[in-house]
Amino acid sequence: MAGRLLRGCGRAGWAPAPRALPAAPGLGPRRGCGEAAKLRAMGFSEEQARRLLGLQPRLGPQRREAVAAQLLLLGLSAEAALGLLERSPGLLRMATERLQERAEELRRLGLGGGQLQRAVSRCPQLFTLPGRRMAAAVRLLREKCLFTAEQLREVLGTCPAVLLEEPRRLHHHFQYAYFRMGVQQKEMVKARLFRMPFAELRNRHIFLERRGLYQTPHKGQTQTSNPKLKDILQLPEKDFLASLARSTPEEYEVFRKLLAREEEEEEEEDRDALYAEEDEDLDSE
């Protein structure tokens, strides 16, 4: 009987129902729709919610919503919060309490309102930076570089990545501008000293110096004919060469290669001197 029914089904064009395919990994339709609706209620557009759901897809919905809400509470727009999370998706795994604590630490340093929003948007690593590392950078800027509280606030607002710098390198950057170039803290802040990598600052300064266009001021000297630090740092290389250095890109490129070679030779001499001292110590024993 069963055999006849099956044969009859075949003759009539019937076919057994196909087996269901396994679901694709990731969000289920209901869960995805539910999460997307909650994100849209928070102010994200449908397209923004889709992008946000694509970050850390195995993450629980409560964690994603909590982190997104915390960033919005800081004053970031939905697009700015999404952009920050796309650059640093690991933030989605941070506890919201930790995000709140770091935001409070930055506020205590003077970064409030728009400055805080811009700082974390430019430098999301501020949220994951170890507290001890951040405290060391702040202490160096205040106690060794002698920036005032207001100047520190301005430095952090315009160049938040300064907190990521290793303190020894950061101090060397400051000392070069202060002692070698004769620049005071007020001018450093105005020129946004720490935005330019130290290597390029040194290249530009020494290039001007060797062309007779920059002189280190004597102690106590306040008036010089040196180019302003702001122009040295902020002019694009083409304009820097044309208006300040009065030189060509080709000459500057040759200079940089020669300077790099000089630095290598100096490092070799320092190593040789160190080895010689060690040999003398061994001989004296």
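Once a new chain begins, its residue numbering starts again from 1 and follows that chain's sequence as written. The predicted origin of the model limits local features to residues at a pLDDT of at least 70 and limits the giving and counting of side-chain atom pairs to 80 or more, whereas totals for whole chains, interfaces and linings rest on all residues. Hydrogen atoms and water are omitted, and side-chain values are computed over all heavy atoms in the structure.

This part takes up the packing of helix α7 (residues 114-122) against helix α9 (residues 149-158). With axes taken as lines fitted to C-alpha atoms, and helix axes fitted only over the stretch in contact, angles between N-to-C directions fall between 0 and 180 degrees. Under the DSSP-based scheme used, a helix requires at least four consecutive residues in state H or I and a strand at least two consecutive residues in state E, with every element numbered from the N terminus. Two elements in contact, α7 and α9, have axes separated by 8 Å at closest approach and are oriented at 45°. If you check the angle between α7 and α9, you find them oblique. Residues Gln115, Ala119 and Arg122 of α7 form the contact with α9, whose participating residues are Arg153, Glu154, Leu156, Gly157 and Thr158. Just so you know the grouping, Ala, Val, Leu, Ile, Met, Phe, Trp, Tyr, Cys and Pro go in nonpolar, Asp, Glu, Lys and Arg go in charged, and all remaining residues, Gly too, go in polar. Here the contact of α7 with α9 is built from residues that sort into 2 nonpolar, 3 polar and 3 charged. Here the angle decides the label: under 35 degrees means roughly parallel, over 145 means roughly antiparallel, 65 to 115 means roughly perpendicular, and every other value means oblique. Contacts between residues were defined by any pair of non-hydrogen atoms, one from each residue, lying within 4.5 Å.

Next up on the list: the packing of helix α3 (residues 46-53) against helix α5 (residues 78-87). Across the interface, α3 lies against α5 with an axial gap of 10 Å and an inter-helix angle of 20°. Considering the angle they form, α3 stands roughly parallel to α5. Regarding α3 and α5, the two cross each other, and that crossing is left-handed. Contacts from Gln48, Arg51 and Leu52 in α3 reach Ala78, Glu79, Leu82, Leu85 and Glu86 in α5. In this scheme the handedness of a crossing depends on how the near helix is turned from the far one: anticlockwise by less than a right angle means left-handed, clockwise means right-handed.

A separate point is the nonpolar core. By nonpolar core we mean a set of buried residues, namely Ala, Val, Leu, Ile, Met, Phe, Trp, Tyr and Cys, connected to one another through side-chain atoms within 4.5 Å. For every residue, the accessible area (1.4 Å probe, protein chains only) is compared with the maximum for its type, and the residue is labelled buried under 20%, exposed over 50%, or partly exposed between those bounds. In this structure, Phe127, Val162, Leu163 and Phe194 are the most contacted members of the largest nonpolar core, which totals 73 residues. Each residue touching Phe194, except ones within four places of it in the same chain, is listed here: Leu141, Phe147, Val155, Cys159, Val162, Leu170, His173 and Phe174.

Residue placement: Val67 occurs in helix α4 (residues 61-73). Take Val67: its relative accessible area is 0%, and that puts it in the buried class. Once the C-alpha coordinates of Val67 and Glu97 are considered, the two residues, 30 residues apart in sequence, prove to be 9.6 Å apart. If we ignore the near neighbours within four places in the chain, the residues touching Val67 are Leu85, Leu91, Leu92, Met94, Thr96 and Leu99.

Our focus in this paragraph is the confidence of the model for the protein chain. Per-residue confidence from the predictor is reported as pLDDT, which spans 0 to 100. Within the protein chain, residue pLDDT values average 86, and 82% of them lie at 70 or more. Contacts from residues 1-30, a stretch scored under 50 in pLDDT, to residues over four places away or in other chains number 5 contacts.

Time to look at the layout of surface pockets. Both site types are read off a 1 Å grid over the protein atoms alone. A 1.4 Å probe that fits but cannot get out defines a cavity, while an open set with protein on both sides within 12 Å along at least five of seven lines defines a pocket; lining residues have an atom within 4 Å of a point. Grid points are joined across faces, edges and corners, and a volume is the space filled by probe spheres set on the points. Its volume calculated, the second largest pocket comes out at about 340 Å³. Taken together, 14 residues form the lining of the second largest pocket, with Glu165, Arg169, Leu170, His173 and Phe198 sitting closest to its centre. If you tally residues by element for the lining of the second largest pocket, the top one is helix α10 (residues 167-180), at 5 residues. When grouped by side-chain class, the residues that make up the lining of the second largest pocket number 8 nonpolar, 2 polar and 4 charged.

Before going further, it helps to examine empty space enclosed by the protein. For the structure on display, the rule yields 1 cavity of 30 Å³ or more. Taken together, Phe147, Val155, Thr158, Cys159, Met188, Val189, Arg192, Leu193 and Phe194 form the lining of the largest cavity. Of all elements in the fold, only α9 and α11 (185-191) reach the threshold of two or more residues within the lining of the largest cavity. Residues belonging to the lining of the largest cavity are distributed by class as follows: 7 nonpolar, 1 polar and 1 charged.

What follows concerns a positive patch on the surface. A patch consists of residues exposed above 30% relative accessible area that lack any salt bridge, with like charges linked at up to 9 Å and nonpolar side chains (Val, Leu, Ile, Met, Phe, Trp, Tyr) linked at up to 5 Å. Surface exposure here means Shrake-Rupley accessible area, sampled with a 1.4 Å probe, where a residue is shielded only by the protein chains that are shown. A pairing counts as a salt bridge when a side-chain nitrogen of Lys or Arg comes within 4 Å of a carboxyl oxygen of Asp or Glu. Only four residue types enter the tally: Lys and Arg on the positive side, Asp and Glu on the negative side, with His and both chain ends excluded. For the purpose of locating charges, the reference atoms are NZ of Lys, CZ of Arg, CG of Asp and CD of Glu. A cluster of basic side chains, namely Arg118, Arg122, Lys186, Lys190, Arg192, Arg195, Lys228 and Lys230, defines a positive patch on the protein surface. Every element with two or more residues in the positive patch is listed here: α7 and α11. Among the structural elements, Lys228 can be located in the loop between α12 (198-210) and α13 (229-234). Residue classification places Lys228 among the exposed positions, given a relative accessible area of 57%.

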